[in-house]
Amino acid sequence: MNTFTVGTELRRQASRPRTRFALAFMVILPLIVLGAFELGGDGDDDNGPGAFGSLVSLATAGGLNFSLFVLLVSMSFLLVVVVALFHGDTVASEANWGSLRYLLAIPVPRGRLLGVKLIVALLYSGFAILLLVGTALVAGTLRYGWHPLRSTIADELSAGEGLLRLMGAVGYISIMLLIVASLAFLLSVLTDAPLGAVGGAVVLQILSSILDQITALGALRNLLPTHYANAWLGFLGTPVQTDELVRGTIVALAMSTTLFAIAFYRFTRKDITS
Amino acid sequence: MRFGLPSIRFTRRRVAAGLALLTGLGALITWAAWPAPKNYTARDALLNVMSGPAGNEPVTLDTTFFVPDGADADNPVPAILLAHGFGGTKRSMRADAEDLANAGYAVLTWTAQGFSGSTGKIHLNSPDYEVRDARSLVDWLAARPEVLKDPTGDPKVGVVGGSYGGALALLLAGHDPRVDAIVPMITWNDLSKAFLPEATGQPPTAGVFKKQWAGVFFSSGSNTASGGLAGALAGIGRGDDEDQPRMPETGTTSTSPDCGNFARDICDTYLRIAATGKATEADLALLRRSSPTSVLDRIKAPTMLIQGQADSLFPLTEADANARGIAANGTPVHVDWFTGGHDGGAGPQADSDRGRYLTLTWLDHYLRGKGDVPDSQFTYSRITGFNTSSSNRRPTTSAFSVERYPGLGGTGNTAVDVAGKPQQIFNPPGGTPAAMSTIPGASSLSSLISGISLEIPGQHADFLSPPLTGTLDVLGTPTVTIRAASPTGEAVLFVKLYDVDPSSGASLPFGLVAPVRLTGLQADIAKATPVTVTLPAIAARFEAGHRLMITISTTDQGFATPAEPAVYTVGVGVDDRSTIGLPLVTGTPIATQETLWRWLLAGLVATLAVGLAVVLFVARRRRHNAEIKVIDEYADTPLVVRGLRKEYADGFVAVAQVDFTVERGQVVGLLGPNGAGKTTSLRVLMGLTRPTKGEVLVFGHRLTPGAPVLSRLGALVEGPGFLPHLSGIENLRLYWRSTGRPDAEAHLDEALEIAGLGDAVQRKVRTYSHGMRQRLAIAQAMLGLPELLVLDEPTDGLDPPQIAEMRKVLREYARDGRAVLVSSHLLAEVEQTCTHVVVMHKGEIVASGEVADIVGDSPVAQFEVSDVPAAEQVLASLAAVRSVNRDGRSGLVVDLNGTSRADVVSALVGAGVGVDRVVPRRRLEDAFLSLVGGNTRASGER
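Residues numbered from 1 in each chain as written. Chains lettered and ligands numbered in written order. Predicted model: local features only at pLDDT ≥ 70, side-chain atom pairs only at ≥ 80, totals over all residues.

1. As for the overall build of chain A
So, point 1. Looking only at helices and strands, one finds 10 helices and 0 strands in chain A.
So, point 2. Listing the helices and strands of chain A from first to last along the sequence gives α-α-α-α-α-α-α-α-α-α.
So, point 3. Each of the three principal axes of chain A carries a C-alpha extent, and together these read 60 × 45 × 30 Å.
So, point 4. For chain A, contacts bridging at least 24 residues in sequence account for 75% of all contacts bridging at least 6. (Helix = DSSP H or I, 4+ residues; strand = E, 2+ residues; numbered from the N terminus. Contact = placed C-beta atoms within 7 Å.)

As structure tokens, this is what we get:
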């Protein structure tokens with residue numbers, strides 16, 4: 001007999017309007033971006049040099065490029081917010097409603113409760129990212145066709161290879177988002193205010209991005225959670241530039257494991273006072 | 001009530017956690033800001049040496065001598081002469097000197113004569129001047145007791161330097177046999193060829209003058225205090241001389257407006273070449289005297305040559321000439337090509353790291369006999385991508401090694417065809433506008449790669465190859481055959497090899513061009529003789545699908561070109577078709593720091609996987625063990641609370657000492673004023689809070705958070721908790737689903753009946769009133785008909801009829817051997833609902849027992865009489881009355897001690913005392929009020 005299964009929690013979260021809202025937006029955003037490109041016509045904005053500029057100007061080169069562009073515009077804020085929402089809200093909102101103590105009195109062991117909550121939050125976050133990229137890929141391919149992946153960093157990549165690289169980039173971005181996920185999850189355990197947990201995680205992420213701009217910090221910047229956020233561009237190179245991907249993954253795994261562990265440690269020992 | 005700001009309680013735990021955080025932060029900052037350990041002493045000195053061909057011209061050199069700690073006459077160490085680049089001073093080399101001194105070498109840095117701080121003139125590493133000065137410095141080192149010497153008094157000395165300093169290293173090694181190892185970097189082999197290159201193999205007399213670099217070079221020497229462009233020439237110096245206070249211009253040398261600090265002969269030569277774009281044999285002879293090429297056959301010191309690929313001043317061909325010349329003597333030579341140079345700067349971090357590693361390895365082996373030399377003769381790096389985390393997108397490189405130095409011809413080669421009809425191109429008058437390939441001293445590698453090269457329309461001809469069928473790793477000098485016709489009989493052309501990406505266009509690797517001066521040309525292209533052009537040496541990968549493009553142009557901003565306008569006709573090969581000979585090398589990738597990171601990642605992932613497995617296993621094991629502990633004595637008692645105490649982290653005691661028992665069939669009331677500790681006790685009971693002391697046993701199971709025995713308990717504590725966006729029925733279903741028990745056990749209908757919500761159960765909980773939520777919460781607690789029901793203030797928010805109904809339900813609930821624990825602050829409620837009562841106050845139990853016992857009539861009655869003193873007298877006379885106390889103005893509390901109230905009343909009336917009221921006092925109220933002492937303030941407000 002297993003209390004509180006992943007299935008139950010999936011259902012509980014699925015019933016929440018904010019979950020549905022977030023997931024729906026993942027579908028709508030690529031369509032809005034697509035519409036913007038259609039309405040905007042041939043903008044000759046100077047998007048500046050560099051990888052990003054080129055990705056913007058190449059966004060309509062094909063379905064793969066369009067998905068990459070959607071990923072680019074959503075990773076630094078939208079995905080951060082969505083992931084923070086799924087992770088920061090999950091425990092804090094139960095505490096806020098008062099339902100947390102009844103779940104614990106069922107009894108659901110605390111480790112199990114938190115484990116199931118974490119798995120479900122991770123699943124929803126992953127699903128949201130896939131939904132975003134999948135919609136962008138389908139919509140972009142229907143509109144712009146199935147063409148090789150282009151970038152100015154390196155060679156054109158054949159569509160099949162490009163798809164693999166896109167998946168790689170999605171995977172890496174997901175790993176980097178683990179940091180914000182773990183931070184939001186920890187805050188969710190520490191506070192009864194769902195907004196505080198979500199907002200706190202997002203604010204810290206923004207703070208990290210700002211600090212990363214300050215070159216005077218030198219090597220300390222390598223420890224910032226957002227320092228390697230753009231390393232996924234390495235997937236566009238030939239061969240794939242793995243150096244920063246590896247470092248970014250190490251930072252993300254180390255940091256998120258630590259934060260998740262603190263969350264579990266705190267939650268299994270604290271007095272539930274809400 | 002307390003008012004004001006919430007105060008933070010500094011408990012021991014919080015202070016400890018805060019201190020730990022601060023300590024960690026402090027350690028991190030200290031680690032980042034801590035200066036590197038200084039294991040040496042540095043002494044500045046002005047050394048007087050005799051310079052000049054006859055050794056009779058005194059010159060003062062500004063020097064700094066770095067001696068590692070522990071080096072003395074008994075423990076001598078090898079010495080390094082660290083020479084600066086052109087336009088630099090000894091201060092440019094400080095960081096490198098410290099690095100070497102920390103590695104255990106005595107390091108002597110000095111400012112070459114003619115530069116800021118030293119006297120004398122710039123003689124461009126003349127054997128009579130700068131080289132002689134350096135030999136004097138070797139003499140000086142030989143006299144130092146802390147410098148290691150062989151028995152003949154020959155000091156162990158290595159020479160390290162970049163650019164100007166690199167050439168000095170080579171020249172000194174050629175002129176002074178005492179030098180034991182050298183590491184020349186980004187330097188020249190033959191100044192005349194560097195400044196007057198020609199790519200068809202003609203001598204420098206026919207070379208094309210590299211005017212832009214020559215100008216930069218000359219100006220940085222004539223104005224030694226300038227920064228900027230001179231920085232590019234200062235070579236490997238880390239450029240931190242900007243941080244040092246600048247020495248004031250020395251007034252000892254008089255500078256002339258045209259020549260600055262240059263020696264007259266050097267200056268005149270420069271001015272002559274710059275004015276005409278051509279050099280005489282005498283000029284070339286002067287330049288060659290300053291070139292290592294003149295002494296290569298004499299160099300016996302093992303040589304580590306480090307040359308930059310992004311270097312249009314001293315290209316890879318210069319290092320190749322040095323390497324071949326020195327290796328011909330049988331001297332060990334290692335060649336390294338890094339991704340930087342006079343155009344590209346220090347290159348990516350990985351490349352600087354490799355340069356440093358190679359330098360130290362070389363010196364350690366040949367000066368100290370420590371460690372091995374690199375097991376390959378050639379190492380190089382190639383750009384393989386871009387760093388994505390930094391804003392300026394520096395390129396990242398991969399490093400490779402090749403066992404034997406392949407030279408510029410590669411270990412293999414391939415040919416790619418280019419074709420195209422001859423084209424006419426225009427040489428503009430005065431050579432402007434001119435095509436652009438590099439900007440001297442831009443020191444920006446990324447701009448070189450994304451391509452600053454610019455061709456002027458009408459001034460260039462392009463010849464394309466078909467798309468490449470495979471990827472080519474080119475390393476060395478490609479060759480191509482071209483032909484040209486000119487009405488003037490002469491042409492200066494620039495031949496370039498572009499990499500054409502079908503999607504993003506053409507790029508010129510490192511902006512390198514091959515200048516060509518053709519003479520004796522026919523006016524008709526059909527009669528032109530093909531010539532073979534050696535293209536610049538590169539280490540580059542050409543991807544499959546790209547095309548190669550040979551571009552021939554008439555102008556380049558970096559070079560002096562004929563001023564006369566002319567139209568040339570240019571073509572490739574003999575019959576409009578030429579093969580580009582491409583030298584190929586396949587290197588072995590060098591394991592770098594990145595390999596280490598990859599292992600680290602693998603290790604981390606493995607550790608996490610193992611760690612997670614262990615944690616899960618331990619947790620399961622622990623839970624399994626916990627289930628076994630049952631105290632048989634209480635196995636059938638729903639609840640036993642023993643010695644319970646709860647003290648919060650901030651020292652507040654919510655529950656001091658609580659003991660009570662709930663047996664089957666009992667409805668126990670937990671009575672006490674707000675804050676008496678009732679809710680805290682129930683929290684412990686639900687496993688939400690850990691007790692400080694004591695224990696709670698539910699059916700003999702010791703209660704810990706999440707204890708499985710909690711499934712036999714249903715609870716409502718501190719108000720309802722529902723998902724507001726779901727209906728009441730959905731909430732109950734979802735809750736039951738969370739328990740993982742079969743639906744049939746839920747008894748949902750019975751629970752719903754008790755809740756009595758009717759159709760409202762289908763509405764969202766958000767829309768419920770307080771009372772409706774309360775009833776739903778009671779229903780939730782009763783789901784599955786648990787054996788012990790715990791309700792905290794269950795009648796809160798209920799109507800009187802509902803309260804009455806609830807009492808009935810609870811009494812019936814306990815009848816089938818189940819038990820109910822109800823907490824309340826209302827005496828009447830407990831009295832009417834419960835069979836047993838536990839009275840709590842200030843965290844302690846003040847009374848407990850059967851309600852009937854406690855609530856039953858007590859021997860005490862309260863009288864209100866018209867004449868209190870008279871009544872007291874009457875009562876005192878009654879033998880049976882135990883005590884009489886005044887209670888207010890007209891009240892008396894009398895312990896009747898068995899005397900009936902009727903008798904007492906008649907006695908009072910008989911004595912003429914009017915009796916207004918007689919009220920029996922009940923025990924519970926007595927106990928409650930007397931123990932609470934009329935002070936019902938919450939214990940939380942003590």
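What follows continues from the structure just given.
2. Brief notes about the environment of B:Ala206
All names here are of chain B.
So, point 1. Note that Ala 206 resides in the loop between α5 (191-195) and α6 (211-222).
So, point 2. The spacing of Ala 206 and Leu 196 is 10 residues in sequence and 7.8 Å in space, taken between C-alpha atoms.
So, point 3. What Ala 206 contacts, discounting residues up to four positions off in sequence, is Glu 198 and Arg 517.

3. A closer look at the interface of chain B and chain A
Where interface size is quoted, it is often the accessible area lost as the parts come together.
So, point 1. Counting from both sides, the interface comprises 52 residues of chain B and, opposite them, 54 residues of chain A.
So, point 2. Among the secondary structure elements, those contributing two or more residues to the side of chain B that touches chain A are β9 (378-386), α13 (593-628) and α15 (728-739) of chain B.
So, point 3. For the side of chain B that touches chain A, the element with the most residues is α13(B), which contributes 9 residues.
So, point 4. The residue makeup of the side of chain B that touches chain A, split by class, is 23 nonpolar, 20 polar and 9 charged. (Nonpolar A, V, L, I, M, F, W, Y, C, P; charged D, E, K, R; others polar.)

4. With respect to the nonpolar core
So, point 1. Of all hydrophobic cores here, the largest spans 153 residues; its most connected members are A:Ala84, A:Leu177, A:Val180, A:Ala184, B:Ala779, B:Val790 and B:Leu821.
So, point 2. The element contributing the most residues to this core is helix α8 (residues 159-190) of chain A, with 17 residues.
So, point 3. Counting 148 residues, the second largest nonpolar core, distinct from the first, contains B:Leu316, B:Leu367, B:Ile525 and B:Leu582. (Core = buried A, V, L, I, M, F, W, Y, C linked by C-beta atoms within 7 Å. Buried ≥ 20, exposed ≤ 12 C-beta atoms within 10 Å, placed from the backbone.)

5. Structural notes on helix α4 (residues 164-175) of chain B
All names here are of chain B.
So, point 1. Taking 1.5 Å per residue as the helical rise, α4 with its 12 residues ought to reach 16 Å, and the 16 Å between its terminal C-alpha atoms agrees with that figure.
So, point 2. Burial within α4 is extensive, with 11 of its 12 residues counted as buried.
So, point 3. Every buried residue belonging to α4 is among Tyr 164, Gly 165, Gly 166, Ala 167, Leu 168, Ala 169, Leu 170, Leu 171, Leu 172, Ala 173 and Gly 174, and all of these are buried.
So, point 4. Looking at the packing, one finds that the buried side of α4 touches β3 (79-83), α3 (130-142), β5 (157-162), β6 (179-185) and α10 (316-327). (Expected span 1.5 Å × (residues − 1).)

6. So, the packing of helix α16 (residues 748-755) of chain B against helix α17 (residues 770-782) of chain B
Residue and element names in this part refer to chain B.
So, point 1. Interhelical geometry of α16 versus α17 gives an angle of 150° and a closest axis separation of 8 Å. Between α16 and α17, the crossing angle belongs to the class labelled roughly antiparallel. For α16 against α17, the interelement crossing comes out right-handed. Judged by residue contacts, Ala 751, Leu 752, Ile 754 and Ala 755 of α16 engage Arg 775, Leu 776, Ile 778, Ala 779 and Met 782 from α17.
So, point 2. For the contact of α16 with α17, the residue count by class is 8 nonpolar, no polar and 1 charged. (Axes fitted to C-alpha atoms, helices over the stretch in contact; angles between N-to-C directions. Parallel < 35°, antiparallel > 145°, perpendicular 65-115°, else oblique. Left-handed = near helix turned anticlockwise from the far one by under 90°.)

7. Remarks on the pairing of strand β31 (residues 788-792) of chain B
Residues and elements named next belong to chain B.
So, point 1. For β31, the buried fraction is high: 5 of the 5 residues fall into the buried class.
So, point 2. Side-chain alternation along β31 places Leu 788, Val 790 and Asp 792 on one buried face and Leu 789 and Leu 791 on a second face that is also buried.
So, point 3. Looking at chain direction, strand β30 (residues 713-716) and β31 are connected through 4 bridges and run parallel. Considered in β31, the bridge of Leu 716 is made with Leu 791.
So, point 4. The sheet contact formed by β31 and strand β32 (residues 819-824) spans 5 bridges and is parallel. Residue pairing across strands places Leu 788 opposite Ala 819, the latter belonging to β32.
So, point 5. Crossover handedness for the path β31 to helix α18 (residues 800-815) to β32: right-handed. (Pairing = 2+ DSSP bridges. Right-handed = clockwise from strand over helix to strand, strands pointing away.)

8. Focus: unusual backbone geometry
So, point 1. Cis geometry is found at the peptide bond from A:Ile106 to A:Pro107, where omega equals 5°.
So, point 2. As for its placement among the helices and strands, A:Pro107 is situated in the loop between α6 (99-104) and α7 (110-144).
So, point 3. Residue B:Pro433 is bonded to the preceding B:Thr432 through a cis peptide linkage, with omega at -5°.
So, point 4. The topology assignment puts B:Pro433 in the loop between β12 (423-427) and α12 (445-450).
So, point 5. Unlike most non-glycine residues, A:Phe4 shows phi in positive territory, near 45°.
So, point 6. Structurally, A:Phe4 can be placed in the segment before α1 (6-14).
So, point 7. Phi at B:His747 takes a positive value of approximately 50°, unusual for a residue other than glycine.
So, point 8. With respect to the helices and strands, the residue B:His747 is situated in the loop between α15 and α16.

9. Here we look at helix α2 (residues 94-102) of chain B
Count 3.6 residues to each turn of an α-helix, and residues three or four apart come out pointing the same way.
Residue and element names in this part refer to chain B.
So, point 1. The set of residues buried in α2 consists of Arg 94, Asp 96, Ala 97, Leu 100 and Ala 101. Mapping the buried residues of α2 onto a view down its axis gives an arc of 160°, with all of them on the same face.
So, point 2. For α2, the secondary structure elements touched by its buried residues are β1 (40-51), β2 (57-68), β3 and β4 (106-110).
So, point 3. Positive phi appears at Gly 104, one or two residues downstream of α2, with a value of about 100°. (Arc of directions from axis to C-beta.)

10. A short note on the confidence of the model for chain B
All names here are of chain B.
So, point 1. Summing up the model confidence of chain B, the mean pLDDT is 84 and the portion of residues at 70 or higher is 87%.
So, point 2. Below a pLDDT of 50 lies the segment residues 1-6, which in the model reaches 0 contacts outside its immediate sequence neighbourhood of four places, other chains included.
So, point 3. Long-range and interchain partners of residues 936-942, a stretch whose pLDDT sits below 50, account for 12 contacts in this model, where long-range means more than four residues apart.
So, point 4. Taken over the whole predicted complex, pTM reads 0.71, whereas the ipTM for its chain interfaces reads 0.87. (pLDDT = per-residue confidence, 0-100.)

11. What about the confidence of the model for chain A?
Residues and elements named next belong to chain A.
So, point 1. Overall, the prediction assigns chain A a mean pLDDT of 87, with 92% of residues at 70 or greater.
So, point 2. Averaged pLDDT values for the elements of chain A fall to 59 in helix α3 (residues 50-57) and rise to 94 in α7.
So, point 3. In this model, residues 43-51 is a region of pLDDT below 50 whose contacts with residues beyond four sequence positions or in other chains number 7 contacts.

12. Focus on the UniProt feature "transmembrane region" (unreviewed entry) in chain A
Residues and elements named next belong to chain A.
So, point 1. Under the local residue numbering, the UniProt record ascribes the feature "transmembrane region" (unreviewed entry) to residues 21-41, 61-86, 118-146, 166-190, 197-220 and 245-265.
So, point 2. Between the C-alpha atoms that bound residues 118-146 the distance is 37 Å, and the span itself is 93% helix and 0% strand.
So, point 3. As a span, residues 197-220 carries 67% helix and 0% strand, and end to end its C-alpha atoms are 26 Å apart. (UniProt positions renumbered as here; feature names shortened; annotations may be inferred.)

13. Thoughts on the packing of α8(A) against helix α9 (residues 194-212) of chain A
Residues and elements named next belong to chain A.
So, point 1. Taken N-terminus to C-terminus, the directions of α8 and α9 make an angle of 140°; their axes are 8 Å apart at the nearest point. Seen from above, α8 lies across α9 with right-handed handedness. Here Val 180, Leu 183, Ala 184, Leu 187 and Ser 188 of α8 come into contact with α9, specifically with Gly 196, Ala 197, Val 198, Gly 200, Ala 201, Leu 204 and Gln 205.
So, point 2. Considered class by class, the residues forming the contact of α8 with α9 number 8 nonpolar, 4 polar and no charged.

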